[in-house]
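# Structural characterization, general
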Amino acid sequence: MSVSFPRIPALALAVAVLVSACTPLKGHQGYVIDPDLVNAIQPGIDNRDSVLQTLGHPTLSGEFTNDTWYYISRNTRNLGFNNPKPSQQATIIVRFQPDGTVKSVDRTDESLIASVEPYGKTTPTLGRKDGFFQDLFGNIGTVGAPGTTGGTGGQ
């Protein structure tokens with residue numbers, strides 16, 4: 001006795017699997033912004049400690065000074081195996097005065113997202129362009145030369 005596999009349920013299963021691959025995937029990265037908490041920060045009244053207690057630790061702070069804190073939130077979406085694309089981004093920028101009180105609270109959106117496209121497989125540099133043989137034999141004679149590391153160089 002042979003058992004035949006029903007074709008309609010198999011076809012329906014195949015269609016369901018293909019359609020589910022086209023379902024958009026949504027993701028969230030970074031800080032979860034609560035508008036009530038952000039609106040509670042008052043310039044001239046709050047300080048670093050009160051902002052830290054209200055909003056928590058910033059996503060980023062200033063590179064050379066601690067006068068600016070950034071709280072970054074990003075929502076992404078993608079289909080299947082494509083790279084995620086930002087659908088919404090918000091950044092809360094809290095600037096402090098030298099005495100530690102809040103100077104300003106600014107908000108930005110996804111209009112400031114910059115797209116950086118790589119240029120081929122190499123990074124363009126300024127200066128000389130070495131060929132294969134220059135890369136291979138370029139250090140001959142420079143080992144131990146004055147002004148370089150790694151040798152006695154004129155001592």
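Residues numbered from 1 in each chain as written. Predicted model: local features only at pLDDT ≥ 70, side-chain atom pairs only at ≥ 80, totals over all residues. Heavy atoms only, no water.

## Observations concerning the environment of Gly80
Operational definition: Only DSSP runs of H or I reaching four residues or more are called helices, and only runs of E reaching two or more are called strands; each is numbered from the N terminus.
Inspection of the secondary structure assignment puts Gly80 in the loop between β3 (68-79) and β4 (85-96). Measuring from C-alpha to C-alpha, the distance between Gly80 and Thr23 comes to 7.2 Å, with 57 residues separating the pair along the chain.

## Thoughts on a nonpolar patch on the surface
Put simply, the rule is: Exposure above 30% relative accessible area and no salt bridge define the residues that can form patches, which grow by joining like charges within 9 Å and nonpolar side chains of Val, Leu, Ile, Met, Phe, Trp and Tyr within 5 Å. Exposure was quantified through the Shrake-Rupley algorithm and a 1.4 Å probe, taking into account, for residues, occlusion by the shown protein chains and nothing else. One speaks of a salt bridge when a side-chain nitrogen belonging to Lys or Arg is within 4 Å of a carboxyl oxygen belonging to Asp or Glu.
Taken together, the side chains of Phe132, Phe133, Leu136, Phe137 and Ile140 present a nonpolar region at the surface, about 610 Å² in accessible area. As for its placement among the helices and strands, Phe132 is situated in helix α4 (residues 132-137).

## Regarding the side chain of Ser104
For the record, the criterion: Burial classes follow relative accessibility: with a 1.4 Å probe on protein chains only, a residue under 20% of its type's maximum area counts as buried, one over 50% as exposed, and anything between as partly exposed. Note on definitions: a residue-residue contact is assigned when non-hydrogen atoms from the two residues lie within 4.5 Å.
Looking at the element boundaries, Ser104 is found in strand β5 (residues 102-108). You can call Ser104 buried: its relative accessible area is 18%. With sequence-adjacent residues up to four places away left out, Ser104 is seen in contact with Pro43, Ile93, Val94 and Arg95.

## Let's talk about the packing of aromatic side chains
The condition that has to hold: Centres within 6.5 Å make a pair out of two Phe, Tyr or Trp rings, where for Trp the six-membered ring is used; the pair is then stacked when the planes are under 30 degrees apart, edge-to-face when over 60, and tilted otherwise. We call a charge positioned over a ring when the NZ of a Lys or the CZ of an Arg lies within 6 Å of the ring centre and within 35 degrees of the ring normal.
All chains considered together, the criterion is met by 3 aromatic pairs. A centroid spacing of 5.0 Å and a plane angle of 55 degrees characterise the contact between Tyr31 and Tyr71, whose relative ring orientation is tilted. Of this pair, Tyr31 sits in the loop between β1 (24-30) and α2 (35-40) while Tyr71 sits in strand β3; the two residues are 40 residues apart in sequence, bridging distant segments of the chain. For Tyr31, a relative accessible area of 15% gives the class buried. On the accessibility criterion, Tyr71 (0% relative accessible area) is buried. Of note, Arg48 hangs over the ring of Phe96, and the distance from its end group to the ring centre comes to 4.8 Å.

## Description of the environment of Gly27
Assignment of secondary structure puts Gly27 in strand β1. Sequence-wise, Gly27 and Ser87 are 60 residues apart; in three dimensions their C-alpha atoms are separated by 9.6 Å. For Gly27, the residues in contact, after removing those within four places along its chain, are Arg74, Asn75 and Thr76.

## Thoughts on the pattern of salt bridges
Here the idea is simple: oppositely charged side chains can pair when their charged atoms come close. For the structure shown, the criterion picks out 2 salt bridges. Between Asp67 and Arg48 there is a salt bridge, with its nearest N and O atoms 3.3 Å apart. On the criterion of sequence distance, the pair formed by Asp67 in the loop between β2 (60-61) and β3 and Arg48 in helix α3 (residues 48-55) is long-range, its members being 19 residues apart. Here Asp67 falls in the partly exposed class, since its relative accessible area comes to 30%.

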